Amino acid sequence: MLLKILVAGALLIGVMAAIKDGRILRDAGLLSHCNAVVVRGQADPTVLSCSKGRLDGWPDMTPKSCNLIAVHPDREFWRCQAPVVSSRTPTG
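Per chain, residue numbering runs from 1 following the sequence as it is written. At least 70 in pLDDT is required for a residue's local features to be given in this predicted model, at least 80 for side-chain atom pairs to be given and counted, and no such filter applies to totals for whole chains, interfaces and linings, which use all residues. Hydrogens are left out, water is left out, and the side-chain values use all remaining heavy atoms of the structure.

Caption draft 1: Region of the structure containing helix H1 (residues 2-21). Compared with an ideal rise of 1.5 Å per residue, which puts 20 residues at 28 Å, H1 spans 29 Å between its outermost C-alpha atoms and is within 8% of the ideal. Buried residues are scarce in H1, accounting for zero of its 20 residues. Helix and strand assignments come from DSSP, with helices taken as H or I runs of at least 4 residues and strands as E runs of at least 2, each series counted from the N terminus. Remark: Gly22 follows H1 within two positions and exhibits a positive phi of approximately 95 degrees. Here a helix's expected span is defined as the number of its residues, less one, multiplied by 1.5 Å. Categorising residues by exposure relies on relative accessible area from a 1.4 Å probe, with only protein chains included: less than 20% of the type maximum marks a residue as buried, more than 50% marks it as exposed, and the intermediate range marks it as partly exposed.

Caption draft 2: Representation of the sheet that holds strand S2 (residues 42-51) in the model. Pairing in this open sheet of four strands is antiparallel, and the strands run S1-S2-S4-S3 from one edge to the other. The sheet is open, and its two edges are formed by strand S1 (33-39) and strand S3 (66-71), each paired on a single side. Between one strand axis and the next, the sheet turns by 40 degrees as a mean value, whatever way the strands run. In this scheme, strands are said to pair when DSSP sees at least two bridges between them. Note on definitions: angles span 0 to 180 degrees between N-to-C directions of axes, and those axes are lines fitted to C-alpha atoms, for helices only across the stretch in contact.

Caption draft 3: Just the state of the cysteines, in detail. Note on disulfides: each one is a pair of cysteine sulfur atoms within 2.5 Å. All told, the structure shown has two disulfides when counted by the stated rule. Covalent S-S linkage joins Cys34 and Cys50, the inter-sulfur distance amounting to 2.0 Å. Between Cys34 and Cys50 the disulfide shows an S-S torsion of about 105 degrees. By sign, it is right-handed. Of the two residues, Cys34 is situated in strand S1 and Cys50 in strand S2; the sequence distance between them amounts to 16 residues. There is a disulfide in this structure between Cys66 and Cys80, and the S-S distance comes to 2.0 Å. Taking the sign of the torsion about the S-S bond as the criterion, the disulfide between Cys66 and Cys80, at about 100 degrees, is right-handed. Taken together, the residues span a long stretch of sequence, with Cys66 in strand S3 and Cys80 in strand S4 (residues 76-80) at a distance of 14 residues. There is no split in this pair, since Cys66 and Cys80 are both buried.

Caption draft 4: Spatial organisation of unusual backbone geometry. For Arg40, which is not a glycine, the phi torsion comes out positive at approximately 55 degrees. On the secondary structure map, Arg40 appears in the loop between S1 and S2. Here the phi dihedral of Ser65 falls at roughly 60 degrees; this positive angle occurs in a residue that is not glycine. With a relative accessible area of 37%, Ser65 lands in the partly exposed category.

Have a look at this one:
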């Protein structure tokens, strides 16, 4: 009985950690995400292509000094004044 409780607890902690990371939810299409657009064969970090998430809807990039430039049924395109950092970990 104690072994079942420990296994269930470890499984629950693993699932909680995976959900907190966000990659599983993003890959499943539940959370919105943005990617740099490829312009003339090179990624342009100031132009972003964003997809809608089922849980959180379209991402709002205006707090990151971005302007909405085009809307398609499944994508939004944003132009930013500076490259948007997508890493959640500090770099310095």
